[in-house]
Amino acid sequence: MTTTVTPLKPLPTGPAKRTWGSVGPLGVGVAGLWLSIIVLLPLAAITSEAFDDGWSGFWTAVTDENAIDTLKVTVLVSLVVALINVVMGTLIAWVLVRDEFPGKRFVNSLIDLPFALPTIVASLVLLSLYGPNSPIDIELNATRPALVIALAFVTLPFVVRQVQPVLIEIDKEVEEAAASLGATNWVIWWKIIFPALAPAVLSGAGLAFTRAIGEFGSVVLIGGNIPGDTQVASQYIQQQIEIDSPVDASAISVVLLLIAFVVLLVLRVVGRRTSKREEQSR
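Definitions and cut-offs
- Residues numbered from 1 in each chain as written.
- Predicted model: local features only at pLDDT ≥ 70, side-chain atom pairs only at ≥ 80, totals over all residues.
- Heavy atoms only, no water.
- Phe/Tyr/Trp six-rings, centres within 6.5 Å; stacked < 30°, edge-to-face > 60°.
- Helix = DSSP H or I, 4+ residues; strand = E, 2+ residues; numbered from the N terminus.
- Buried < 20%, exposed > 50% of the residue type's maximum accessible area, 1.4 Å probe, protein only.
- Lys NZ or Arg CZ within 6 Å of the ring centre and 35° of its normal.
- Contact = heavy atoms within 4.5 Å.
- Salt bridge = Lys/Arg side-chain N within 4 Å of Asp/Glu carboxyl O.
- Patch = residues over 30% accessible without salt bridge, like charges linked within 9 Å, V, L, I, M, F, W, Y side chains within 5 Å.
- Areas by Shrake-Rupley, 256 points an atom, 1.4 Å probe, with all protein chains shown as cover.
- Lys, Arg positive; Asp, Glu negative; His and termini not counted.
- Charge placed at Lys NZ, Arg CZ, Asp CG, Glu CD.
- Axes fitted to C-alpha atoms, helices over the stretch in contact; angles between N-to-C directions.
- Parallel < 35°, antiparallel > 145°, perpendicular 65-115°, else oblique.
- Left-handed = near helix turned anticlockwise from the far one by under 90°.
- Nonpolar A, V, L, I, M, F, W, Y, C, P; charged D, E, K, R; others polar.
- Expected span 1.5 Å × (residues − 1).
- Bend = angle between axes of the 7 residues up to and from the residue.

Undergrad: Give me the packing of aromatic side chains: which residues, what numbers.
TA: Scanning the model with the defined rule gives nine aromatic pairs in all. Between Trp94 and Trp189 the ring centres are 5.9 Å apart and the planes differ by 80°, which places this aromatic pair in the edge-to-face class. Here Trp94 is found in helix H3 (residues 65-98), whereas its partner Trp189 is found in helix H9 (residues 185-213), with 95 residues between them in sequence. Residue classification places Trp94 among the partly exposed positions, given a relative accessible area of 25%. Here Trp189 falls in the partly exposed class, since its relative accessible area comes to 23%. Positioned above the aromatic ring of Trp94, the side-chain terminus of Arg98 is 4.6 Å from the ring centre.

Undergrad: If you had to explain the environment of Thr274 to someone new, which residues and values would you point to?
TA: Along the chain, Thr274 falls in helix H11 (residues 246-281). Under the relative-accessibility criterion, Thr274 is labelled buried at 16%. Each C-alpha atom, one on Thr274 and one on Pro195, is 7.6 Å from the other, the two residues being 79 residues apart in sequence. Thr274 has contacts with Pro195, Ala198 and Pro199, leaving out every residue within four places of it along the chain.

Undergrad: Could you give an account of the pattern of salt bridges, naming the residues involved and the relevant values?
TA: In a structure, side chains of opposite charge can pair up when their charged atoms sit close to one another. Counting across every chain of the model gives five salt bridges. Salt-bridge contacts for Glu175 lead to Arg98; the nearest nitrogen and oxygen are separated by 2.8 Å. In this pair, Glu175 sits in helix H8 (residues 172-180) while Arg98 sits in helix H3, placing the two residues 77 residues apart along the sequence. With relative accessibility at 11%, the residue Glu175 sits in the buried group. Judged by its relative accessible area of 18%, Arg98 falls in the buried class. Residue Lys104 is joined to Glu100 by a salt bridge in which the shortest nitrogen-to-oxygen separation is 3.1 Å. Judged by relative accessible area, Glu100 falls into the exposed class, the value being 68%.

Undergrad: Lay out a positive patch on the surface in plain terms, naming residues and giving numbers.
TA: Judged by side-chain charge, Arg268, Arg272, Arg273, Lys276 and Arg277 come together as a positively charged surface patch. Tracing the sequence through the fold places Arg273 in helix H11.

Undergrad: Before we move on, can you summarise the packing of H3 against helix H7 (residues 144-169) with the specific residues and values?
TA: Running from N to C, H3 and H7 cross one another at 40°; their axes reach a closest spacing of 6 Å. With respect to their mutual orientation, H3 and H7 come out oblique. Crossing of H3 over H7 shows right-handed handedness. Within the contact of H3 with H7, the residues separate by chemical class into 22 nonpolar, five polar and two charged.

Undergrad: I'd like a description of H7, backed by residues and values.
TA: For H7, with 26 residues, the first-to-last C-alpha span of 38 Å sits near the 38 Å given by 1.5 Å per residue. A bend of about 45° at Val154 is the largest found in H7, and the proline Pro157 appears one to four places after it.

Undergrad: I'd love a proper account of H9, names of residues and values included.
TA: Here H9 spans only 36 Å end to end across 29 residues, well under the 42 Å set by a 1.5 Å rise per residue. The largest bend in H9 amounts to roughly 55° and is located at Phe194, with the proline Pro195 lying one to four residues further along.

Undergrad: Quick rundown of a nonpolar patch on the surface? Include the residues and the values.
TA: Taken together, Leu33, Trp34, Leu35, Ile37, Ile38, Val39, Leu40, Leu41, Leu43 and Leu257 make up a surface patch of nonpolar side chains, about 930 Å² in accessible area. Ranked by residue count, the leading element in the nonpolar patch is helix H1 (residues 24-50), at nine residues. Along the chain, Leu35 turns up in helix H1. When its relative accessible area of 45% is taken as the criterion, Leu35 is described as partly exposed.

Undergrad: Tell me about the packing of H3 against H9, residues and numbers included.
TA: It is at 8 Å that the axes of H3 and H9 come closest, and there the two elements cross at 140°. In terms of orientation, H3 lies oblique with respect to H9. Here H3 and H9 pass one another in a crossing that is right-handed. Facing Thr74, Val75, Ser78, Leu79, Ala82, Asn85, Val86, Thr90 and Trp94 of H3, the residues of H9 in contact are Trp189, Ile193, Leu197, Val201, Ala205, Ala208, Phe209, Ala212 and Ile213.

Undergrad: A description of unusual backbone geometry should follow, citing residues and the corresponding values.
TA: Of note, Asp137 is a non-glycine position whose phi angle comes to about 60°, a positive value. Of note, Asp137 is situated in the loop between helix H6 (119-130) and H7. A residue is classified by how much of its surface remains accessible, and Asp137, at 73% relative accessible area, is exposed. With phi around 65°, Asp244 is a residue other than glycine that occupies positive phi space. For Asp244, the location among the structural elements is in the loop between helix H10 (233-242) and H11.

Here it is as structure tokens:
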């Protein structure tokens, strides 16, 4: 019996074909144009307006006593909100991924409500709950705790939605192996689970912080807008526009943009290094 061997076809030597899903120069150009129209041009416009009076005018605007007080309040409250989100957001994500309970799907859907609800509605609801006629006899309006509650409400989903997918992907066999070797729950959490979650937690915290420093609608009613106490940067910007000081408003806007950019950049770098360190340790 004769066996016929089919010769293999030679591999193509020409230029590699583009894989499916690549967009090519046209797609890159369209994406770049859209990004420029939606993001880059507005940022350039507001930066240009902030320096209409030159560097001295910009510096005078951002070093004004009221502006500094407003920025301090905004950054401080946003940091507190970000820390609260780190703890509570991680806990909620853990419960949604690892536990089963009645109404779990409803709770999971409820997490995204702050994204869909107009923030001014959130401020109105919080004012009716914690305002002068509070049904639970807790009056917090025009206080910093009210700012924290309002901003925590609108930033709730960020850490939860960042941490959830990572928790789902974590291999439980590693945790079980550690437990079989005598590791306590705290050791398992700190040595195995948290290092894997750290990049997602940092990313969610950064998003929550940057959303909080620019938030307006959720604090406009319950915050009180008291200069030096509960006035946040977005309310200060509105105030400057109302008194016909667009340069001052633009200057504070640029400061907020810089703060947000630096925070996101630092957290991205730290998160990337943490991920690489976690991969190398495996």
